[in-house]
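Results of the structural survey
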Amino acid sequence: MTGVTNNRIHGALSWRQAKPVLLHPKLFLGFIDFQAGQPFNYRLLDCWPMLDQHRYENGRELAAECKAAGIVVVWNDRTRIPRPLKKLVVERALARSPAESRPPARPASFHPSR
């Protein structure tokens, strides 16, 4: 697959689009490996399909972004996405989506429980 680059994978525009990506087993593995300080294992990735390789890299990148931003994420179960990680991904998706498709902003004083 000569000439194939990661720039063809567009970011999600909603949580609905992002959730299946976060649930990918290789993304979880990449996230956990980065958090554990594991070096990037290129030989391991060479035997994986292209999508698995991208998801593993995405997981490592996401973990690095969380670390750089000071966001603490404890992710023990691949099928249960931690709230701080979901918040980061949703904010990113909303920033990507066209303004006309975003939900209206709530005032800072809005509290749904009150």
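Residues numbered from 1 in each chain as written. Predicted model: local features only at pLDDT ≥ 70, side-chain atom pairs only at ≥ 80, totals over all residues. Heavy atoms only, no water.

**Quick notes on the overall build of the chain**
Defined as follows: Only DSSP runs of H or I reaching four residues or more are called helices, and only runs of E reaching two or more are called strands; each is numbered from the N terminus. Throughout this description, buried means an accessible area under 20% of the type-specific maximum (1.4 Å probe, protein chains only), exposed means over 50%, and partly exposed covers the range between. Areas reported as accessible are Shrake-Rupley estimates using a 1.4 Å probe. Residue values count occlusion only from the protein chains shown.
In terms of helices and strands, the chain carries 5 helices and 0 strands. Along its sequence from the N terminus, the chain presents helices and strands in the succession α-α-α-α-α. Considering the chain as a whole, with its 114 residues, one finds that 27% of them fall into the buried category. Of the roughly 8300 Å² of accessible surface on the chain, 55% is carried by carbon and sulfur atoms.

**Focus on the nonpolar core**
Here is the rule: In plain words, nonpolar cores are sets of buried Ala, Val, Leu, Ile, Met, Phe, Trp, Tyr and Cys residues tied together by side-chain atoms within 4.5 Å. Contact between two residues is taken to exist if any of their heavy atoms lie within 4.5 Å; hydrogens are not considered.
Membership of the largest hydrophobic core comes to 15 residues, with the highest contact counts inside it found for Leu22, Phe31, Leu62, Trp75 and Leu85. Listed by contribution, the elements that provide at least two residues to this core are α1 (15-22), α2 (25-35), α4 (50-69) and α5 (83-96). If we ignore the near neighbours within four places in the chain, the residues touching Trp75 are Leu22, Leu27, Phe28, Phe31, Ile32, Arg80, Ile81, Pro82 and Leu85.

**As for the pattern of salt bridges**
Operational definition: By definition here, a salt bridge exists when the distance from a side-chain nitrogen of Lys or Arg to a carboxyl oxygen of Asp or Glu is within 4 Å.
According to the stated counting rule, one finds 2 salt bridges in the structure shown. Among the salt bridges present, the one from Lys87 reaches Glu91, with a minimum N-O distance of 2.7 Å. Taken as a pair, Lys87 and Glu91 lie in helix α5 at a separation of 4 residues, close to a single helical turn. Overall, Lys87 belongs to the exposed group, its relative accessible area being 52%.

**Details of the environment of Gln53**
Examined against the element boundaries, Gln53 turns out to sit in helix α4. On the basis of relative accessibility, which here comes to 17%, the residue Gln53 falls in the buried class. Expressed as a C-alpha distance, the spacing of Gln53 and Leu27, which sit 26 residues apart in the sequence, is 8.8 Å. Residues contacting Gln53, with those up to four places away along its chain left out, are Leu45, Asp46 and Trp48.

**Examining α2**
All of the buried residues along α2 are Leu27, Phe28, Gly30, Phe31 and Asp33. Elements that come into contact with the buried residues of α2 comprise α1, α4 and α5. Immediately downstream of α2, the backbone of Gly37 shows phi near 80°, a positive value.

**Regarding the packing of α4 against α5**
Note the following rule: Axis lines are fitted to C-alpha atoms, over the contacting stretch for helices. Their N-to-C directions set the angle, which ranges from 0 to 180 degrees. Throughout this description, any angle smaller than 35 degrees is read as roughly parallel, any larger than 145 degrees as roughly antiparallel, any in the 65 to 115 degree range as roughly perpendicular, and the remainder as oblique.
Packing of α4 against α5 leaves a shortest axis separation of 12 Å and a crossing angle of 100°. By the angle between their axes, α4 is roughly perpendicular relative to α5. Seen from α4, the contacting residues are Leu62, Glu65 and Cys66; seen from α5, they are Leu85, Leu88, Val89 and Arg92.

**What about the packing of α1 against α5?**
For any two helices packed against each other, the geometry is given by the interaxial angle and the distance between the axes. The condition that has to hold: Here is the rule for handedness: rotate from the far helix to the near one, and if that takes an anticlockwise turn smaller than a right angle the crossing is left-handed, while a clockwise turn gives right-handed. Gly falls in the polar group here, along with every residue not listed as nonpolar (Ala, Val, Leu, Ile, Met, Phe, Trp, Tyr, Cys, Pro) or charged (Asp, Glu, Lys, Arg).
Their axes nearest at 10 Å, the elements α1 and α5 cross at an angle of 130°. Relative to α5, the element α1 is oriented oblique. The handedness of the crossing between α1 and α5 is right-handed. Judged by residue contacts, Trp15, Ala18 and Leu22 of α1 engage Leu85, Lys86, Val89 and Val90 from α5. A breakdown of the residues in the contact of α1 with α5 according to their chemical character gives 6 nonpolar, no polar and 1 charged.

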